[in-house]
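Chains, contacts and geometry: an overview
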Amino acid sequence: MRIVIILIAFAIAIISSGFGTVYIISEARLRDFQTDSKFDYPISMNVAAIEQGRHIARTRGCMGCHGQQLEGKDFGEQWDWPERAVAPNLSIYANNNDAATIAAAIRQGIGRDGKALTSMPSFNFARLTDEDTAALIAFMRSAPLVEISLPKPKLGWSVRWDFARGAETHMADWADVVPLLQVDPIEDPERANGEYLAMTMCNECHGLDVRGQTLYGQRTPDLAMVAAYSREDFETLLETGVAIGGRELGIMSLVAPDRFPELSETELDNLYAYLISLTEEPISADVPWRPEL
Ligand code: HEC
Ligand code: HEC
């Protein structure tokens, strides 16, 4: 009897020290990133800035994940990763945190607790300008408060294990490898604006350089393929999610009508001009978001 109790105690000790080790290493990993987070751009709460921020939030998909009224969203049922993802209420968040903290979460994937985020696609916002980020903060702070009850987020053991053994990359590291903008805004202001839009709207799913990515064994297209679209068909795709030939797509057809219908004619022109010009640019191989299938 005694030996059985000793064996059980021994087994419990081994298992719990295994869990303890995974916990400690994964916590260390989530605190391991480059930082140079500084943000001292003034937040002006005037009508124009708030409207600019609302436009950024709409076209960058903040409402799709944080709720149409920024009230927050529990992804528990929808995503099985990272066990329980909860997008926080952004008006509460923005009123309870200083601008530098909010900017670091949005653009650098670093949470208010100083740990890297795991589900928020900050890499899609890494290149947002200070001005647009400030406008976004003004919008979130001024939005009417809608409160719903949200559960606590949870990082599951399998995800911790993936971080601990280096099989997962957190958002602070992804945000750090987003390519710099290439087009010179003085030489070519239209294409430069198009690049800015693509690199802060489309790289969430089309690869950090918008030249395609591999996700769960599936490829999303290189956006140079927009050259196959007329300007008119491109607008239809972004406004309605319907692709050339009247095709309904998957995720693309879901997100486009939520985010892109309010892009202005100029934004569409610039985005189109930039994307079709990609056919002349080489694609870099050997980037982490496009491993060989
Ligand atoms: C694909 C869904 C998704 C999109 C799009 C998204 N978020 Fe998030 N966001 C999340 C989730 C989930 C969290 C919770 C933290 C985590 O799990 O990474 C989060 C966390 C945050 C946080 C808090 C970070 C912290 O300190 O814990 C802020 C601020 C935030 N998001 C702002 C934004 C803004 C602004 C936008 C639009 C520019 C946006 N998010 C777009 C899913 C999203
Ligand atoms: C939330 C993810 C997501 C975002 C953001 C996104 N796309 Fe897509 N897109 C996809 C996926 C996934 C596909 C492949 C088809 C599918 O499964 O929906 C796709 C397909 C496409 C296609 C191919 C259509 C065809 O004819 O087959 C084009 C063009 C496209 N996207 C353009 C864009 C542009 C431009 C942006 C930014 C303004 C953008 N996408 C943003 C996920 C996204």
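1. Looking at the domain arrangement of the chain
Looking at the chain, the domain boundaries give domain 1 (47–154) and domain 2 (189–280). Here the C-alpha centre of domain 2 lies 23 Å away from the C-alpha centre of domain 1. Facing the 16 residues of domain 1 at the interface are 15 residues of domain 2. Taken over both partners, the interface formed by domain 1 and domain 2 buries close to 1,400 Å², and the fraction arising from carbon and sulfur atoms is 45%.

2. Thoughts on the site of ligand 1
Surveying the vicinity of ligand 1 reveals 22 residues, the closest of which are Cys62, Cys65, His66, Tyr93 and Met120. Met120 is positioned such that a nitrogen or oxygen atom in its backbone is 2.9 Å from an oxygen atom of ligand 1. For the shell around ligand 1, the secondary-structure elements that each account for two or more residues are helix H3 (62–66), strand E3 (86–87), helix H4 (90–96), helix H5 (99–108) and helix H6 (130–142). Among the elements that line the shell around ligand 1, the one with the most residues is H3, at three residues. Broken down by class, the residue content of the shell around ligand 1 amounts to 15 nonpolar, five polar and two charged.

3. Observations regarding the coordination of the iron atom of ligand 1
Within the first shell, the iron atom of ligand 1 binds the protein through His66 (NE2) and Met120 (SD), at distances of 2.0 to 2.1 Å. If you look at the iron atom of ligand 1, its six donor atoms make angles of 88 to 179 degrees with each other, and the shape they trace is octahedral. Of this pair, His66 sits in helix H3 while Met120 sits in the loop between H5 and H6, placing them 54 residues apart in sequence.

4. Details of the site of ligand 2
Neighbouring ligand 2 are 23 residues, the closest being Cys202, Cys205, His206, Tyr229 and Met252. His206 is positioned with one of its side-chain polar atoms (N or O) 2.8 Å from a nitrogen atom of ligand 2. The contact in question runs from an oxygen atom of ligand 2 to an N or O atom on the backbone of Met252, over 2.9 Å. Those elements that place two or more of their residues in the shell around ligand 2 are helix H10 (231–240), helix H11 (251–259) and helix H12 (265–277). Residue composition of the shell around ligand 2, by class: 18 nonpolar, three polar and two charged.

5. With respect to the coordination of the iron atom of ligand 2
Coordination of the iron atom of ligand 2 by the protein comes from His206 (NE2) and Met252 (SD), over a distance range of 2.0 to 2.3 Å. The coordination sphere of the iron atom of ligand 2 comprises six donor atoms, whose angles at the metal cover 88 to 179 degrees; the geometry is octahedral. You can see His206 sitting in the loop between helix H9 (189–201) and strand E5 (213–215) and its partner Met252 sitting in helix H11, a full 46 residues away along the chain. When its relative accessible area of 12% is taken as the criterion, His206 is described as buried.

6. Here we look at the nonpolar core
Core analysis: the biggest nonpolar cluster contains 34 residues, and Val210, Phe234, Leu238, Leu271 and Leu275 have the highest contact counts within it. Within the residue set of this core, elements represented by two or more residues are helix H8 (171–176), H9, H10 and H12. For Leu275, the contacting residues outside a window of four places in its chain are Ala198, Val210, Leu223, Ala224, Val226 and Phe234. Counting 23 residues, the second largest nonpolar core, distinct from the first, contains Leu90, Ala105, Met140 and Ala143.

7. A closer look at the pattern of salt bridges
Applying the stated criterion to the full structure yields 19 salt bridges. With its nearest N and O atoms 3.0 Å apart, the salt bridge here joins Glu27 to Arg160. Of this pair, Glu27 sits in helix H1 (residues 2–30) while Arg160 sits in helix H7 (residues 157–164), and the two are 133 residues apart along the sequence. Note on Arg160: relative accessible area 8%, which makes it buried. Two residues, Arg29 and Asp32, come together in a salt bridge whose shortest N-O distance is 3.3 Å. Residues joined in a network through salt bridges with shared partners are Glu27, Arg31, Lys115 and Arg160.

8. What about the packing of aromatic side chains?
This model, assessed by the stated rule, comprises three aromatic pairs. Here the aromatic rings of Phe19 and Trp157 are separated by 4.6 Å at their centres, their planes lie at 70 degrees, and the arrangement is edge-to-face. Separated by 138 residues along the polypeptide, Phe19 in helix H1 and Trp157 in helix H7 bring together distant segments of the chain. You can call Trp157 partly exposed: its relative accessible area is 41%. For the pair Phe234 and Tyr272, a centre-to-centre distance of 5.5 Å together with 40 degrees between the ring planes defines the contact as tilted.

Conventions and cut-offs
Numbering of residues starts from 1 in every chain and runs along the sequence as written. Ligands are numbered from 1 and chains lettered from A, in the order in which they are written. Side-chain atom pairs in this predicted model are given and counted only at pLDDT of 80 or more, local residue features only at pLDDT of at least 70, and totals for whole chains, interfaces and linings cover all residues. Side-chain metrics rest on all non-hydrogen atoms present in the structure, leaving aside hydrogens and water. Those domain boundaries reflect an automatic or database domain assignment. Should any heavy atoms of two residues lie within 4.5 Å, those residues are counted as being in contact. The term buried area refers to how much accessible surface (probe radius 1.4 Å) is lost by two components on association, counted for both of them together. Summary of the distance rule: residues count as near a molecule or strand when at least one heavy atom falls within 4 Å of that molecule or strand. N or O atoms within 3.5 Å of each other form a polar contact, as long as, within protein, one can give a hydrogen and the other can take it, and as long as residues adjacent in sequence are counted only when both atoms are side-chain atoms. Only DSSP runs of H or I with at least four residues qualify as helices, and only runs of E with at least two residues qualify as strands; both kinds are numbered from the N terminus onward. Charged means Asp, Glu, Lys or Arg here, nonpolar means Ala, Val, Leu, Ile, Met, Phe, Trp, Tyr, Cys or Pro, and polar covers whatever is left, Gly included. Atoms of type N, O and S within 2.8 Å of a metal are treated as its donors, and for Na, K and Ca the window is 3.2 Å; water is not considered, so some sites may appear to be missing partners. Between 85 and 135 degrees for all angles marks four donors as tetrahedral; over 155 degrees for opposite donors together with 65 to 115 for all other angles marks four donors as square planar and six as octahedral; every other arrangement is irregular. Think of it in three bands: residues with accessible area under 20% of the maximum for their type are buried, residues over 50% are exposed, and the middle band is partly exposed, with areas taken using a 1.4 Å probe on protein chains only. As used here, the term nonpolar core means buried Ala, Val, Leu, Ile, Met, Phe, Trp, Tyr and Cys residues forming a set that is joined through side-chain atoms within 4.5 Å. Any Lys or Arg side-chain nitrogen located within 4 Å of an Asp or Glu carboxyl oxygen qualifies as a salt bridge. The criterion for an aromatic pair is that two Phe, Tyr or Trp rings (for Trp, the six-membered ring) have centres within 6.5 Å, with stacked assigned to planes under 30 degrees apart, edge-to-face to planes over 60 apart and tilted to the rest.

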